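# Overview (structure and organization)
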Amino acid sequence: PSGDRLMTVNRGIPFAMLESQTTAWPKASDENLKPLFKGYNLNNQQQPAFNYHFGPVKVQDSPKPNAEGFTRTIKIEVPSPGSANDQLYFRALSGGRVQSGGERSFTFNDELLVNVSASEHPPFTRENELLIPVPLTPGTHTVTINYIWK
């Protein structure tokens, strides 16, 4: 919603290559995944889709309002296979208290319900972060996240 119930759901870079689920999130972007804003498009309802490049990886982030909050659809286009030693992760939540409420449901600072309704690999929490693994196989991979204010 607009107004006084604003919150930052992720502090820092949203994508990183990690060797394992326990590897610390980097403080700065990897040289191979430097973020570059590529503009935005508007759909017929004048809702934006933001376009980014993280190195060779193309990302389109489309937030859309709904009755309870909003839904964010993130399309990640991987152009070529990644290294066998690395995994791409999307950090959906950080900078606050993240608690699991079920297989794909989470709360953030007891104010926001977050449901990862679509991803190829299950999301997981660690040290107040919500991470979603993204396959490094060529093609487009979609992550859908629903945000509902309590």
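That block above? That's the structure.
Here we summarise the structure given alongside this text.

Analysis parameters
Residues numbered from 1 in each chain as written. Predicted model: local features only at pLDDT ≥ 70, side-chain atom pairs only at ≥ 80, totals over all residues. Heavy atoms only, no water. Salt bridge = Lys/Arg side-chain N within 4 Å of Asp/Glu carboxyl O. Helix = DSSP H or I, 4+ residues; strand = E, 2+ residues; numbered from the N terminus. Buried < 20%, exposed > 50% of the residue type's maximum accessible area, 1.4 Å probe, protein only. Pairing = 2+ DSSP bridges. 1 Å grid on protein atoms, 1.4 Å probe; cavity = no way out; pocket = protein on both sides within 12 Å on 5 of 7 lines; lining within 4 Å. Points joined across faces, edges and corners; volume = space filled by probe spheres on them. Nonpolar A, V, L, I, M, F, W, Y, C, P; charged D, E, K, R; others polar. Core = buried A, V, L, I, M, F, W, Y, C linked by side-chain atoms within 4.5 Å. Contact = heavy atoms within 4.5 Å. Phe/Tyr/Trp six-rings, centres within 6.5 Å; stacked < 30°, edge-to-face > 60°.

A few words now on the pattern of salt bridges. The tally for this structure, following the rule as stated, stands at 4 salt bridges. Taking the shortest distance from any N to any O, the salt bridge between Glu 129 and Arg 91 comes out at 2.9 Å. Highlighted residues: Glu 129 in strand β11 (residues 129-134) and Arg 91 in strand β6 (residues 87-93), separated in sequence by 38 residues. Comparing Glu 129 with Arg 91 shows no difference in burial state: the two are buried. Of the charged contacts in the structure, one is a salt bridge between Arg 97 and Asp 110, with a shortest N-O distance of 1.9 Å. Of this pair, Arg 97 sits in the loop between β6 and β7 (98-100) while Asp 110 sits in the loop between β8 (105-108) and β9 (112-118), placing them 13 residues apart in sequence. The class for Arg 97 is partly exposed, based on a relative accessible area of 38%. Through salt bridges with shared partners, one network takes in Arg 91, Arg 126 and Glu 129.

So, on to the pairing of strand β3 (residues 48-54). Note: strand β2 (residues 35-42) against β3, 6 bridges, orientation antiparallel. Looking across to β3, one finds that Pro 35 is bridged to Phe 54. Following β2, the chain reverses through 5 residues before pairing antiparallel with β3; Gln 46 in that reversal takes a positive phi of roughly 65°. Relative to strand β4 (residues 57-65), β3 runs antiparallel, the two being bridged by 5 bridges. Within β4, the position partnered with Phe 50 by the bridge is Asp 61. Hairpin remark: β3 followed by β4, antiparallel, with 2 residues in the connecting loop; positive phi at Gly 55, about 65°.

With that out of the way, let us pick up empty space enclosed by the protein. Inspection of every chain in the model, using the stated rule, returns 1 cavity of 30 Å³ or more. Of the voids in this model, the largest cavity is the one considered here, and its volume is about 30 Å³. Together, Ile 76, Ser 119, Glu 120, Pro 133, Val 134, Pro 135, His 141, Thr 142 and Val 143 line the largest cavity. Taken together, the elements giving at least two residues each to the lining of the largest cavity come down to β11 and β12 (139-149). With 3 residues, β12 is the largest single contributor of residues to the lining of the largest cavity. Class assignment for the residues of the lining of the largest cavity results in 5 nonpolar, 3 polar and 1 charged.

Ranked by internal contacts, the top residues of the largest apolar core, which has 27 residues, are Ile 76 and Ile 145. Breaking this core down by element, the ones donating at least two residues are β4, β5 (69-78), β6, β8, β9, β11 and β12. Beyond its immediate sequence surroundings of up to four residues, Ile 145 is in contact with Phe 70, Thr 71, Arg 72, Ile 74, Phe 90, Ala 92, Val 114, Asn 115, Val 116 and Ile 132.

Counted under the stated rule, the structure contains 8 aromatic pairs. When the ring of Tyr 40 is compared with that of Phe 50, the centres are 6.3 Å apart and the planes differ by 50°; the resulting orientation is tilted. Taken together, the residues span a long stretch of sequence, with Tyr 40 in strand β2 and Phe 50 in strand β3 at a distance of 10 residues. Measuring from ring centre to ring centre gives 6.0 Å for Tyr 89 and Phe 124, while their planes differ by 85°; the resulting arrangement is edge-to-face.

The pairing of β8 with β9 spans 4 bridges and is antiparallel. From the neighbouring strand, Phe 106 faces β9, where its bridge partner is Val 114. Alignment of β9 against β12, held across 6 bridges, turns out to be antiparallel. The residue bridging Leu 112 from the neighbouring strand is Trp 149, located in β12.

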